[in-house]
Amino acid sequence: ERNGLAVDQVRHLMGLQGVISMDVADGQSGRGWAFLAGASCPPWAGRDGPFFLHEAYQAADSLGTCRVTVPVLWDKKLGCIVSNDSWSILKMFCTSFAALAATPRALLPVDLAPQIEARHAHLYHTLLNAVYIAGVSILKQNEESRAAAEANIAATLDELEASLHGQRFLMGAELTAVDLRLCMTLLRFDCCYHKGFGIRTARLGGVLSDATGSGAPSAYPSLAGYVREVYALVAPEVDWAAFRQYYRWAPGVAPEQPLPDVEMIKASAEQPHGREGVGAA
């Protein structure tokens, strides 16, 4: 899912794999999010056949009418959904689960929590969710909404490029939870959002580099280095295939136009970040 990826990265960095198990959806189906190999948590563990996420929602509230979305944090003992909001789950991993972490990290330091919350809210409005507003606006043929979202995306990428030129991470010298959210979105931006949603305002080639194979350098050099540095911390947990579950939104993009080459983007992400001296006194 578009925002659940950062949740997994926090789980990895904090060493919570022994405390919090994880099942990864295989994608959407006629019955919603499907787990073809089943679920590993009770009461569905060991059951034959696929598991559909709506079963968890119905178990939590048989009369519920909300949308069935991922990620979901499920309480195995109480048999209920704790949260289906990715940012809330991520923050729980950083705080409520911190005492159980095998490799604890201060990804949500108390003294920076208000600033992190404000920075995330801004990025969510102007980039993390704006890419979807742009895509949905194509389907709804709402050019005004699409143009506004694209303007937000372009301005935010430019703002990030400027601020990260002399600053290691979003909040300063140390990695925080909001960096993981942003990095996953930017990787996905290159893989699918930019072309799949037909976003017209970002600089040519995406964030990391031109994935067409022309060898052109990134139009966002500081932002590209930042993405590479954050990616290096979580690379083993990044599921590149999941980036491409559904990103061809007719009538926005001609079906014969290929999406960027994921292997080229991955190779670019794996390049040295070269940011050792950024932000140093």
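Residues numbered from 1 in each chain as written. Predicted model: local features only at pLDDT ≥ 70, side-chain atom pairs only at ≥ 80, totals over all residues. Heavy atoms only, no water.

As for the packing of helix α7 (residues 177-196) against helix α8 (residues 221-234)
Turning to step 1, where the next piece is worked out: Packing of α7 against α8 brings their axes to within 10 Å, and their N-to-C directions diverge by 110°. Considering their axes alone, α7 and α8 lie roughly perpendicular with respect to each other. Residue-level contacts link D179, L180, L182, C183, M184, L186 and L187 of α7 to L223, Y226, V227, V230, Y231 and V234 of α8.
Turning to step 2, where the next piece is worked out: Per-class residue counts for the contact of α7 with α8 are 12 nonpolar, no polar and 1 charged. (Axes fitted to C-alpha atoms, helices over the stretch in contact; angles between N-to-C directions. Helix = DSSP H or I, 4+ residues; strand = E, 2+ residues; numbered from the N terminus. Parallel < 35°, antiparallel > 145°, perpendicular 65-115°, else oblique. Contact = heavy atoms within 4.5 Å. Nonpolar A, V, L, I, M, F, W, Y, C, P; charged D, E, K, R; others polar.)

Notes on the environment of A177
Turning to step 1, where the next piece is worked out: Tracing the chain through its elements places A177 in helix α7.
Turning to step 2, where the next piece is worked out: The class of A177 is buried, set by a relative accessible area of 0%.
Turning to step 3, where the next piece is worked out: Distance from A177 to E229, taken between C-alpha atoms, is 14 Å for residues 52 residues apart in sequence.
Turning to step 4, where the next piece is worked out: Discounting chain neighbours no more than four positions away, the residues touching A177 are W87, L90, C94 and L107. (Buried < 20%, exposed > 50% of the residue type's maximum accessible area, 1.4 Å probe, protein only.)

Some details on the sheet that holds strand β1 (residues 27-29)
Turning to step 1, where the next piece is worked out: One open sheet accounts for 3 strands, arranged β1-β2-β3; its pairing is antiparallel. With partners counted over all chains shown, the strands left at the sheet margins are β1 and β3 (51-52), one partner each.
Turning to step 2, where the next piece is worked out: As judged from the 2 bridges shared by strand β2 (residues 32-35) and β3, these two strands associate in the antiparallel manner. Residue F35 lies in a different strand from β3, and its bridge partner there is F51. (Pairing = 2+ DSSP bridges.)

What to know about the pairing of strand β5 (residues 80-83)
Turning to step 1, where the next piece is worked out: Two elements, strand β4 (residues 73-75) and β5, share 3 bridges in a ladder whose sense is antiparallel. Within β5, the residue paired with W74 across the bridge is I81.
Turning to step 2, where the next piece is worked out: Hairpin connection, β4 to β5: the antiparallel pair is bridged by 4 residues, and G79 has positive phi, about 65°.

A closer look at α8
Turning to step 1, where the next piece is worked out: The terminal C-alpha atoms of α8, which comprises 14 residues, lie 21 Å apart, in line with the 20 Å expected from a rise of 1.5 Å per residue.
Turning to step 2, where the next piece is worked out: Among the 14 residues of α8, 11 are classified as buried, and the element is accordingly described as predominantly covered. (Expected span 1.5 Å × (residues − 1).)

Some remarks on the nonpolar core
Turning to step 1, where the next piece is worked out: Counting 64 residues, the largest nonpolar core has L157, L187 and W240 as its most contacted members.
Turning to step 2, where the next piece is worked out: Of all elements in the fold, only α1 (4-14), α3 (86-94), α4 (113-128), α5 (130-139), α6 (143-163), α7, α8 and α9 (262-269) reach the threshold of two or more residues within this core.
Turning to step 3, where the next piece is worked out: Among the elements that line this core, the one with the most residues is α7, at 12 residues.
Turning to step 4, where the next piece is worked out: Excluding residues that lie within four positions of it along the chain, L157 makes contacts with L127, L186, F189, A202, V207, Y220 and L223.
Turning to step 5, where the next piece is worked out: Counting residues in each nonpolar core, the second largest holds 12 residues, with F35, C41, Y57 and W74 among its members. (Core = buried A, V, L, I, M, F, W, Y, C linked by side-chain atoms within 4.5 Å.)

Concerning the packing of aromatic side chains
Each pair of aromatic rings is reported with the distance of its centres and the angle of its planes.
Turning to step 1, where the next piece is worked out: In the structure shown here, the tally under the stated rule is 9 aromatic pairs.
Turning to step 2, where the next piece is worked out: Their ring planes at 80° and their centres at 5.6 Å tell us that F93 and F97 sit as a pair that is edge-to-face.
Turning to step 3, where the next piece is worked out: Owing to a relative accessible area of 3%, F93 belongs among the buried residues under this scheme.
Turning to step 4, where the next piece is worked out: Consider the rings of Y132 and F197, whose centres lie 5.3 Å apart with planes at 70°: the pair is edge-to-face. Here F197 lies in the loop between α7 and α8 and Y132 lies in helix α5, a separation of 65 residues in the sequence. As far as the burial class goes, Y132 and F197 line up, both buried. (Phe/Tyr/Trp six-rings, centres within 6.5 Å; stacked < 30°, edge-to-face > 60°.)

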